[in-house]
Amino acid sequence: MRFLPTDEQSDFARTLRSLLGAAEVPATVRAWADGEHGPGRALWSRLAGTGLFALAAPEPYEGLGLLPLELSLGFVELGRAGVPGPLVESAAVSVLLSELGDEVLAKRFVPGLVAGGSSATLTLPGGGPYALDADAATHCFTVSPAGELRLAGGRGERLASTDPARRLYRPAPDGELLAAGPAVVAAAETALRWARLLTAAQCLGVGEALLARTVEYAKQRTQFGAPIGSFQAVKHRLADTLLALEFARPLVWAAALSPAAPDVAAAKLSAGEACHRAAMTALQLHGAIGYTEELDLSLWLRKARPLRDAWGTPSTCRSEVLRRGEG
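These notes cover the structure that comes with them. (Residues numbered from 1 in each chain as written. Predicted model: local features only at pLDDT ≥ 70, side-chain atom pairs only at ≥ 80, totals over all residues. Heavy atoms only, no water.)

Digging into unusual backbone geometry
Thought 1: Phi is positive for E24, close to 50 degrees, though the residue is something other than glycine.
Thought 2: Note that E24 resides in the loop between helix 1 (7–21) and helix 2 (25–33).
Thought 3: Even without a glycine there, the phi angle at E62 is positive, about 70 degrees.
Thought 4: By secondary structure assignment, the location of E62 is in the loop between strand 1 (56–57) and strand 2 (65–66). (Helix = DSSP H or I, 4+ residues; strand = E, 2+ residues; numbered from the N terminus.)

Below is the structure:
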C-alpha cells in the first residue's frame, strides 16, 4: 500500500504552505488571542479560496466531496503554521450536516462554510463540553447525548485555556432545534471521527513546527564553546522526537484512508502524544525563554497540550483502540 501523497496532493499542500508562509500568521494568532478577529477572518477567506473547506462537503452543497485524506494534508499545514480559529469544528459541522440527510438544513449552512463566508463551532457527545471560539464563530452547534441538534442561542460562559488563542465557552443550553433522532446520532458519530482525524493532522503539523524550530535553535545556542546540538544527549532527544512524529504520520494517513473509529483514535493518540513530546523537547532545550510571549515558539508550545486533549483525550482514544482489540 502506498502511503505517500500523489503529486496533486503534494502540490495542494505546497500551495497552502506558501500562502501561510506569506500571511504573518504569528501576528494573526496574537490578534486572535486578544479578541481581534479581523486578520483571522481575512486569512480564513484566503484559505477558502484554495478549496480547503470544500474538501469537507459534497458537490450538491458547493463542495468538492468528502475527501478526508486531502483535508488532512491541509490541516497538517494549518498546524505547522499555527493558524487559529475553529477550523476543525467548521469542517466537522459541514460533515455533520451533509451526513444528516436533510437537504434543506445542509443548504442553509454548508455553502457558507465552504466559501469561507461563515464559520462554526461545535460540541458533540464524546468530544468535550466546550465550544471553541464561540465569540468568533458565525454559528454555534450543539448535539446532546439524546440526539438533539441545536443552533445555540448564545455563547455562554468563557473559560480559561492554556492557549490564549483557543477561547473556550460553555454553549448556551437553549437555541433553535434543527433536528433530532437516530439520524443525528449517526451523523454526530461521523463528525466526531472527522474532528479527531483533523485534530491529529493539526498535532502532526504543530509537532513538526516545534521540532524544526528546536533543531535550528540547537545549532545556534552554544555551551562550553560548542553548539548544544552537537551534544549526544541533545541529539538523542531530538531523534526520539522525530521518530515519534514519523511513527504517527502513517497512522494519520491510514485513518484518513479508512476512517473507522479505532483507526482514527489510534492516529489521534499517536499524533497527540508526539506533538506533546515535541513541545516538551522544545521547552527543555530552549529553557524558560521558550515560553515567553516575545518568542514565536510559545505560540506552538501552548497549542500542543490542548490539541492533544481536544476531541478525545489520550485515555479516551486508548480505550477506543482497546475496545477493538477486545472485539
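Observations concerning the environment of R41
Thought 1: Locating R41 in the fold gives a position in helix 3 (residues 38–49).
Thought 2: Sequence separation between R41 and G312 is 271 residues, and the spatial gap between their C-alpha atoms is 27 Å.
Thought 3: For R41, the contacting residues outside a window of four places in its chain are W32 and A136. (Contact = heavy atoms within 4.5 Å.)

Looking at the sheet that holds strand 5 (residues 139–143)
Thought 1: Within the open sheet, the four strands sit side by side as 3-5-6-9. Their pairing is mixed. What marks the edges here is a single partner per strand, and that holds for strand 3 (120–123) and strand 9 (175–180). The average angle at which neighbouring strand axes cross in this sheet is 25 degrees, direction not considered.
Thought 2: Where strand 6 (residues 148–152) meets strand 9, five bridges bridge the pair, whose relative direction is antiparallel. Within strand 9, the position partnered with L151 by the bridge is E176.
Thought 3: Where helix 5 (residues 87–100) meets the sheet, its contacts fall on strand 3, strand 5, strand 6 and strand 9, and the angle it forms with strand 3 comes to roughly 75 degrees.
Thought 4: Of the strands in this sheet, strand 3, strand 5, strand 6 and strand 9 are in contact with helix 6 (residues 103–115), which crosses strand 9 at around 110 degrees. (Pairing = 2+ DSSP bridges. Axes fitted to C-alpha atoms, helices over the stretch in contact; angles between N-to-C directions.)

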